[in-house]
Amino acid sequence: MSFDYKSAGVDVEAGYKSVELMKEHVKKTLRPEVIGGLGGFGGMFSIKKAKDMEEPVLVSGTDGIGTKLKIAFLMDKHDTVGIDCVAMCVNDIICVGAEPLYFLDYIACDKNVPEKIADIVKGIADGCVMSNASLIGGETAEMPGLYHDGEYDVAGFAVGIVDKKDMIDGSQIKAGDDLVGIKSSGLHSNGYSLVRKVLNPSESNINEYVESLGCTLGEELLKPTKIFVKPVLEVIKKVNVKGISNITGGGFIENIPRMLPENSGLGINIFDGVFDVSPIFKLIEEKGSISRENMYKTFNMGIGMVMAVSEEDSVKLMEELKLLGEEAYIIGKVRKGSGIDIC
């Protein structure tokens, strides 16, 4: 008996087809700085624009989608999870004021179904367009026996650039500064292990319409993570933003203090009730009998990005965000002390 790679579970021809199907999606992400096309051994990107900077700094971020993918498997819908992957990376690097330049993806699966892989890459390309980053390369790894039938994982890596003199590092933050929060699109891509435990999404309820959500459970749980690149990069040109926190895993409690300088002697007060908590969080809180404190420790609660500004700048910041179509609230203040309190 003779063997080949296909008999071992890896279909090279399917890989070739995947690349052909994804090319149309990748093409729409390409900035003028991209050199070469898809399929080379390495993605190439010119950093000519760095010549205009005094001290260019490259900023990178990497992340995945997490167990939110279980919802995509359940719904057999794969064309939006790529947006989550991009968002989880680019929303991090803009916290220092960096402009995303390019993105790389890694998809691992049990079996390469070209149409499914192309759907995933479509979402990644959509996220790249939203963040003005070029998708310059990636890898699709077919690994039979390592993943369950029909399952896959997706991870990404983003690189951005900022002039060191323009970096937002939190060093200017002081007691009395306001914290302005920008509305999220929902759960984003965090806390899904708890979400699945509480709501128990399954074939029997995933397509049920939920009155409080205004959509089906599956539609709500699969809403893509909001990408904040364009509004954030726009407002920092007009307002002196001192610090930025992306509200990801760890919710408010872990992420907001990350914008503060080390040993600053500063703490955070969050004003519970001054912003609209999205219905999905209220549903999880009620169904799971979860304390409000633990909700803030796990979820974004309806606020996806938080900026620290002087009191005199907070109204201007919110006005500028409103002009860009964003909902924003003063959600708290910086104070002397340490830690974070929900008031």
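In what follows, the accompanying structure is described.

Reading the values: rules and limits
- Residues numbered from 1 in each chain as written.
- Predicted model: local features only at pLDDT ≥ 70, side-chain atom pairs only at ≥ 80, totals over all residues.
- Heavy atoms only, no water.
- 1 Å grid on protein atoms, 1.4 Å probe; cavity = no way out; pocket = protein on both sides within 12 Å on 5 of 7 lines; lining within 4 Å.
- Points joined across faces, edges and corners; volume = space filled by probe spheres on them.
- Helix = DSSP H or I, 4+ residues; strand = E, 2+ residues; numbered from the N terminus.
- Nonpolar A, V, L, I, M, F, W, Y, C, P; charged D, E, K, R; others polar.
- Expected span 1.5 Å × (residues − 1).
- Buried < 20%, exposed > 50% of the residue type's maximum accessible area, 1.4 Å probe, protein only.
- Contact = heavy atoms within 4.5 Å.
- Axes fitted to C-alpha atoms, helices over the stretch in contact; angles between N-to-C directions.
- Parallel < 35°, antiparallel > 145°, perpendicular 65-115°, else oblique.
- Left-handed = near helix turned anticlockwise from the far one by under 90°.
- Pairing = 2+ DSSP bridges.
- Salt bridge = Lys/Arg side-chain N within 4 Å of Asp/Glu carboxyl O.
- Lys, Arg positive; Asp, Glu negative; His and termini not counted.

**Some remarks on the layout of surface pockets**
Okay, so step 1: Put simply, the second largest pocket is a space of about 500 Å³.
Okay, so step 2: In terms of lining residues, the second largest pocket is bounded by 25 residues, among which Gly97, Val162, Asp166, Ile236 and Lys237 are the most central.
Okay, so step 3: Of all the secondary-structure elements, those providing two or more residues to the lining of the second largest pocket are β6 (152–163) and α7 (229–235).
Okay, so step 4: Broken down by class, the residue content of the lining of the second largest pocket amounts to nine nonpolar, five polar and 11 charged.

**Comments concerning the environment of Glu24**
Okay, so step 1: Locating Glu24 in the fold gives a position in helix α1 (residues 12–27).
Okay, so step 2: Taking the C-alpha atoms as reference, Glu24 lies 17 Å from Tyr102; in sequence the two are 78 residues apart.

**Focus on helix α4 (residues 114–131)**
Okay, so step 1: With 18 residues, α4 extends 26 Å between its outermost C-alpha atoms, agreeing within 8% with the 26 Å of an ideal straight helix rising 1.5 Å per residue.
Okay, so step 2: Most of α4 is tucked away: 13 of the 18 residues are buried.
Okay, so step 3: Taken from the residues just after α4, Asn132 is the one with a positive phi, measuring 55 degrees.

**Description of helix α9 (residues 279–288)**
Okay, so step 1: What α9 keeps buried is the set Ile280, Phe281, Leu283, Ile284 and Glu285.
Okay, so step 2: On its buried side, α9 packs onto α5 (192–199), α6 (217–221) and α10 (292–298).
Okay, so step 3: In the stretch just after α9, Ser289 is the one whose phi turns positive, near 50 degrees.

**Details of the packing of α5 against α9**
Okay, so step 1: For the pair α5 and α9, the least separation of the axes is 9 Å and the interaxial angle reads 60 degrees. With respect to α9, the element α5 is oriented oblique. The two elements α5 and α9 meet at a crossing, and its hand is left-handed. Contacts between α5 and α9 involve Val195, Val198 and Leu199 on the former and, on the latter, Ile280, Leu283, Ile284, Lys287 and Gly288.

**Thoughts on the sheet that holds β6**
Okay, so step 1: Spatially, β3-β6-β4-β5 is the arrangement adopted by the four strands of the open sheet, whose pairing is mixed. Of all strands in the sheet, those with a lone pairing partner are β3 (56–64) and β5 (134–142), marking the two edges. On average, adjacent strands in this sheet sit at an angle of 15 degrees to one another, irrespective of strand direction.
Okay, so step 2: Pairing of β3 with β6 involves nine bridges; the strand directions are antiparallel. The residue bridging Gly64 from the neighbouring strand is Ala155, located in β6.
Okay, so step 3: Against the sheet, helix α3 (residues 81–93) contacts β3, β4 (99–109) and β6, and its axis sits at roughly 30 degrees relative to β6.
Okay, so step 4: Running over the sheet, α4 touches β4, β5 and β6 and is turned about 165 degrees from β4.

**Focus on the pattern of salt bridges**
For side chains bearing opposite charge, pairing can occur when the charged atoms are close.
Okay, so step 1: Using the criterion set out here, one finds 27 salt bridges in the structure.
Okay, so step 2: Residues Lys23 and Glu20 are paired through a salt bridge, measuring 3.2 Å at the closest nitrogen-oxygen approach. Taken together, the residues Lys23 and Glu20, both in helix α1 and three residues apart, mark about one turn of the helix.
Okay, so step 3: On the basis of relative accessibility, which here comes to 36%, the residue Lys23 falls in the partly exposed class.
Okay, so step 4: By relative accessible area, which is 52% here, Glu20 ends up exposed.
Okay, so step 5: Residues Lys333 and Glu311 are paired through a salt bridge, measuring 2.8 Å at the closest nitrogen-oxygen approach. Of this pair, Lys333 sits in strand β13 (residues 328–336) while Glu311 is found in helix α11 (residues 311–323), placing the two residues 22 residues apart along the sequence.
Okay, so step 6: Sharing partners across several salt bridges, the network here consists of Glu234, Lys237, Lys238, Lys316 and Glu320.

**Here we look at the sheet that holds β13**
The strands that make up a sheet are held in pairs by hydrogen bonds between backbone atoms, and each pair lies either parallel or antiparallel.
Okay, so step 1: An order of β10-β12-β7-β13-β11-β14 is seen for the six strands of this open sheet, with the pairing classed as mixed. Across the chains shown, the open sheet's two edge strands, defined by having one partner strand only, are β10 (243–246) and β14 (340–342). Strand-to-strand twist of the sheet, defined as the mean angle between neighbouring strand axes without regard to direction, takes the value 25 degrees.
Okay, so step 2: Its contacts with the sheet put α11 on β7 (178–183), β12 (303–309) and β13, and the angle it makes with β7 is roughly 10 degrees.

**Overview of the pairing of β6**
On a regular strand, one side chain projects to one face of the sheet and the next to the other, so that they alternate.
Okay, so step 1: Among the 12 residues in β6, nine count as buried, and that is most of the element.
Okay, so step 2: In terms of strand pairing, β4 meets β6 through 10 bridges, oriented antiparallel. Counterpart to Ala108 in the pairing with β6 is Asp153.

**Quick notes on the side chain of Asp313**
Okay, so step 1: By the element assignment, Asp313 lies in helix α11.
Okay, so step 2: Buried within the structure, Asp313 lacks any salt-bridge partner; Lys242 is the closest side chain of opposite charge, at an N-O distance of 6.8 Å.

**Digging into the pairing of β12**
Okay, so step 1: Of all the seven residues making up β12, seven are buried; the element is thus mostly covered by neighbouring parts of the structure.
Okay, so step 2: Examined bridge by bridge, β7 and β12 share six bridges and lie antiparallel to one another. Residue Gly181 lies in a different strand from β12, and its bridge partner there is Val306.
Okay, so step 3: Taken together, the four bridges between β10 and β12 define a ladder with antiparallel strand orientation. Residue pairing for β12: Ser245 is matched across the bridge by Val306.

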